[in-house]
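# Chains, contacts and geometry: an overview
Listed below, chain by chain, are the residues.
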There are 2 protein chains.
Amino acid sequence: MERNILLTIEYDGSQFSGWQIQPNAVTVQGTLEEALSKFCDIPVKLNGTSRTDAGVHALGQRAGFSGDFGIPLDKLVFAVNNYLAGGMNSLNHVGSVRIKEAEEMAPGFHARFDAKGKKYRYIISREKPADIFRRKYAYSVTKPLDIEAMREAAQQMVGTHDFKAFQSSGGHERKTTVRTIYRLTVEEKGDDLVIEVSGDGFLYNMVRIIVGTLVDIGTGRLAKEQVKDIIESKDRQRAGHTAPAEGLYLVEVYYEQTQLG
Amino acid sequence: MERNILLTIEYDGSQFSGWQIQPNAVTVQGTLEEALSKFCDIPVKLNGTSRTDAGVHALGQRAGFSGDFGIPLDKLVFAVNNYLAGGMNSLNHVGSVRIKEAEEMAPGFHARFDAKGKKYRYIISREKPADIFRRKYAYSVTKPLDIEAMREAAQQMVGTHDFKAFQSSGGHERKTTVRTIYRLTVEEKGDDLVIEVSGDGFLYNMVRIIVGTLVDIGTGRLAKEQVKDIIESKDRQRAGHTAPAEGLYLVEVYYEQTQLG
C-alpha cells in the first residue's frame, strides 16, 4: 500500500553542496535518498520544500516521499539517523544531517505544494576580530551598524510587495515576483545580530539580498529611506549586496495558515 | 639583517588537512607560508611547534621563521590576516586561520626546540541527540559517563611515566616515550565535558588516546583501577580507543618554565 511521508530535517550546510541532488557532489537530498532507499528497500525520491544553496543550513527543512514499503516510521528514522551518523556505535562521531521527525500524511498531501510559508534566520557575527570557528555558521560584519536604521528599513519591507529587486538571476522562473513578508525582525543577541523573516514564499536569494540590503543600510552605504524606491524600481542593481550563504538557516516550513508568522 | 619571528596562530582544523605542508592538500603551514612569503617578499619556511593532524584545532599554535625582510610586524600581521580572510573588504567572510600575535625573538630562539610544554583541551559533547552543527568541533558521546571514575583515572596519569601505551604508530620515532603530565582535569561545562591536559611534551596521538581511555573508563569498558597496569604494560592494545581529532584543541605552548601547568 502506498504511504505518503513528510520528513522534518536538519543539516549543517557547510558539509554539503546544497540540497538538490547533482552528480559528483555530496548533497543533502542525495545523502538522504541513498539512506532512505536502503532502509525502505525501494527507490526513494524526495520532494524538498526549499532548494537550499551550498552552505545554507536547515533546522526544519521539510521533504516528502511516497512508496510502498514496510518499515515502521520510528524504526526508519532510527536506522537512517544511525547510518548517517556513521554506524550503530553510539560513540561514533555524529553526521551532518539528521531526520528530526517523520509523519504519515494523507494520500493527497505534497510537501512543497501544500507549504503555506517559511521562516528563515540569518546570523550576523559582530565579534572583532572575527571568530574563525564560526566562519561557516555566521556572516562576520565588523563595521559599526546602525541597528535602529536597519529595523526601520525592515518594517518597510513587511507586507505584500513585488520583490523583483530582491531576486538573483539563476533561480527557477516564477510566474509572479509578488510575495508577502509577515514578519521581519532584527534582534541583538550578545555580539550577534539575528534577523528573522517569515513569509508566504521567497524568491531566489531573496532572504540573502534582504539581509545584504539591511547591512548596507546599517553601515550607511544605503539610506533607510531608499527601501520604498528600491522595491518600486524592481531593479536588482538598486538593492544591497547578497549576504553570504553561511549565515542563513531555514528554520521552519508552515503547512497550516494558523501557524504563519 | 636576519630577523627571527615567533607567531601565535589560531585555526579551525576542520578546514585544513592538518598543519604540515604536503602536495595537493590545503594545510595550515602551506596556507600561512604562502601568505607570509607574499608580504615578506622572501620565501618563508615555518617551524611549527606541533604537527596537528587533520581536524585538530588550535587556539595558540606557535611557529617560527627567520629571514631578512623589511615589513614591520604589525603591518605583516594585518596584511596576512586580511589576505587570509579573503581580501581587504571588512565585510568579507573571515578565514579559518589567523595570526594572533607576532614577536621579534633573539637570534638563537627556536619555536619548537625551545618549547617547554604544551596545553591541550578536548571537548566532549554529551547532548542527545548530538548537535549536528558541532560535528567538527566536539566528540559526541551519548552514553552515560561516570565522571568521578574518569577524574580518579586522570589523577593516576599525572606525573612522569613511560606513555608508550598511549602512542599511535605512524608518528616520528622518539628517543624516549617518557613524558611528564603536569595537570589533567575533567570539568563539566553545561552539556559538555572539557578535558584539559598540560605536559612537557606529547607522543603521537597521546592526548586523543588519554581521552579515549578516560571515556572508556567513563562508560565502564575499562576500570579506573586498570590505569596503572595499562601504563606499565607499554602496550597500545591495553589502552582505550583513540578519540577523534575533531574534539582536540592545541591551547598553548609554553616557553618559560614558570608558565608550566
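In this report, the structure presented in the accompanying data block is examined.

### Notes on the overall build of chain A
For chain A, the count of helices and strands is five helices and ten strands. The C-alpha atoms of chain A give a radius of gyration of 19 Å, which matches the 18 Å a tight globule of 261 residues would have. Projecting the C-alpha coordinates of chain A onto the three principal axes gives extents of approximately 60 × 40 × 35 Å. By sequence separation, contacts in chain A at least 24 residues apart represent 72% of the contacts at least 6 residues apart. Summing over all exposed atoms, chain A offers an accessible surface of approximately 11700 Å²; the carbon and sulfur share of this is 47%. Positive and negative charge centroids in chain A, built from 33 and 34 side chains respectively, lie 3 Å apart.

### Notes on the nonpolar core
One finds B:Leu32, B:Leu36, B:Phe65 and B:Phe166 to be the most contacted residues of the largest nonpolar core, which totals 73 residues. For this core, the leading source of residues is helix H4 (residues 206-219) of chain B, giving eight residues. Setting aside residues up to four positions removed in sequence, B:Phe166 forms contacts with B:Met157, B:Tyr204, B:Asn205, B:Met206, B:Ile209, B:Ile210, B:Thr213, B:Ile230, B:Ile231 and B:Ala239. Membership of the second largest hydrophobic core comes to 72 residues, among which are A:Trp19, A:Tyr122, A:Ile124 and A:Met206.

### Points about the interface of chain B and chain A
Facing 34 residues of chain B, the contacting portion of chain A comprises 33 residues. Between chain B and chain A, the buried area comes to about 2900 Å², and carbon and sulfur atoms account for 62% of it. Joining chain B to chain A, the criterion identifies zero salt bridges. Here chain B and chain A share two residue pairs in polar contact (both at pLDDT 80 or more) between them. Elements represented by at least two residues in the side of chain B that touches chain A include exactly strand E1 (3-11), strand E3 (57-67), strand E4 (97-105) and strand E6 (139-140) of chain B. Residue contributions to the side of chain B that touches chain A peak at three residues, all from E3(B). Of the residues contributing to the side of chain B that touches chain A, the split by class is 16 nonpolar, ten polar and eight charged.

### Side note on the relation of the copies chain B and chain A
Aligned on chain A, chain B shows an RMSD of 0.0 Å; the corresponding rotation is 180° and the shift along the axis is 0.0 Å. Taken together, the turn and the small shift mark the pair as related by a two-fold rotation axis. Comparing contact sets, 97% of the residues at the interface of chain B also lie at the interface in chain A, consistent with an isologous, same-surface contact.

### Description of the pattern of salt bridges
Within the structure shown, the criterion is met by 32 salt bridges over all chains. Salt-bridge contacts for A:Lys234 lead to A:Asp162; the nearest nitrogen and oxygen are separated by 3.7 Å. Remark: A:Asp162 occurs in strand E7 (residues 159-162) and A:Lys234 occurs in the loop between helix H5 (227-233) and strand E10 (248-254); sequence separation between them is 72 residues. For A:Lys234, a relative accessible area of 43% corresponds to the partly exposed category. The closest approach of N and O atoms between B:Arg151 and B:Glu148, which form a salt bridge, is 3.0 Å. Separated by three residues within a single helix, B:Arg151 and B:Glu148 lie in helix H3 (residues 147-157), roughly one turn from each other.

### What to know about the packing of helix H3 (residues 147-157) of chain A against helix H4 (residues 206-219) of chain A
Residues and elements named next belong to chain A. Close contact between H3 and H4 brings their axes to 8 Å; oriented N to C, the two are set at 140°. One way to sum up the angle between H3 and H4 is to call them oblique. In the crossing of H3 with H4, the sense of the turn from one axis to the other is right-handed. In contact with Ala149, Met150, Ala153, Ala154 and Met157 of H3, H4 contributes Ile210, Thr213, Leu214, Val215, Ile217 and Gly218. Considered class by class, the residues forming the contact of H3 with H4 number nine nonpolar, two polar and no charged.

### So, the environment of A:Gly18
All names here are of chain A. On the secondary structure map, Gly18 appears in the loop between strand E1 (3-11) and helix H1 (28-40). The exposure class assigned to Gly18 is buried, which follows from its relative accessible area of 6%. For the pair formed by Gly18 and Ile230, sequence separation is 212 residues and the distance between their alpha carbons is 29 Å. Each residue touching Gly18, except ones within four places of it in the same chain, is listed here: Thr27, Val28, Thr52, Asp53 and Ala54.

### Concerning unusual backbone geometry
Here the amide bond leading from A:Lys128 into A:Pro129 is cis, since omega sits at 0°, within 30 degrees of zero. If you trace the backbone, A:Pro129 turns up in the loop between strand E5 (117-125) and strand E6 (139-140). With phi around 60°, B:Asn24 is a residue other than glycine that occupies positive phi space. Residue position: B:Asn24 is located in the loop between E1 and helix H1 (28-40). Residue class for B:Asn24 comes out exposed when judged on its relative accessible area of 87%. One non-glycine residue, B:Asp41, adopts positive backbone phi at about 65°. In this fold, B:Asp41 is placed in the loop between H1 and strand E2 (47-48).

### Comments concerning the side chain of A:Thr52
Residue and element names in this part refer to chain A. If you trace the backbone, Thr52 turns up in the loop between strand E2 (47-48) and strand E3 (57-67). A polar atom in the side chain of Thr52 sits 2.7 Å from the side chain of Tyr11. Not counting residues within four places of it along the chain, the set of residues in contact with Thr52 comprises Tyr11, Gly18, Trp19 and Leu250.

### Notes on the pairing of strand E9 (residues 192-199) of chain A
Residues and elements named next belong to chain A. Most of E9 sits out of view: eight of its eight residues are buried. Where E5 lies against E9, eight bridges are found, and the strand directions are antiparallel. Within E9, the position partnered with Arg121 by the bridge is Glu196. In terms of strand pairing, strand E8 (residues 178-189) meets E9 through eight bridges, oriented antiparallel. Paired with Ile181 across the strands is Gly199, a residue of E9.

Conventions and cut-offs
- Residues numbered from 1 in each chain as written.
- Chains lettered and ligands numbered in written order.
- Predicted model: local features only at pLDDT ≥ 70, side-chain atom pairs only at ≥ 80, totals over all residues.
- Heavy atoms only, no water.
- Helix = DSSP H or I, 4+ residues; strand = E, 2+ residues; numbered from the N terminus.
- Rg over C-alpha atoms; globule rule 2.2 N^0.38 Å.
- Contact = heavy atoms within 4.5 Å.
- Areas by Shrake-Rupley, 256 points an atom, 1.4 Å probe, with all protein chains shown as cover.
- Lys, Arg positive; Asp, Glu negative; His and termini not counted.
- Charge placed at Lys NZ, Arg CZ, Asp CG, Glu CD.
- Core = buried A, V, L, I, M, F, W, Y, C linked by side-chain atoms within 4.5 Å.
- Buried < 20%, exposed > 50% of the residue type's maximum accessible area, 1.4 Å probe, protein only.
- Buried area = accessible area lost by both parts, 1.4 Å probe.
- Salt bridge = Lys/Arg side-chain N within 4 Å of Asp/Glu carboxyl O.
- Polar contact = N/O pair within 3.5 Å; in protein donor to acceptor, adjacent residues only side chain to side chain.
- Nonpolar A, V, L, I, M, F, W, Y, C, P; charged D, E, K, R; others polar.
- Least-squares fit on C-alpha atoms with pLDDT ≥ 70 in both.
- Axes fitted to C-alpha atoms, helices over the stretch in contact; angles between N-to-C directions.
- Parallel < 35°, antiparallel > 145°, perpendicular 65-115°, else oblique.
- Left-handed = near helix turned anticlockwise from the far one by under 90°.
- Pairing = 2+ DSSP bridges.

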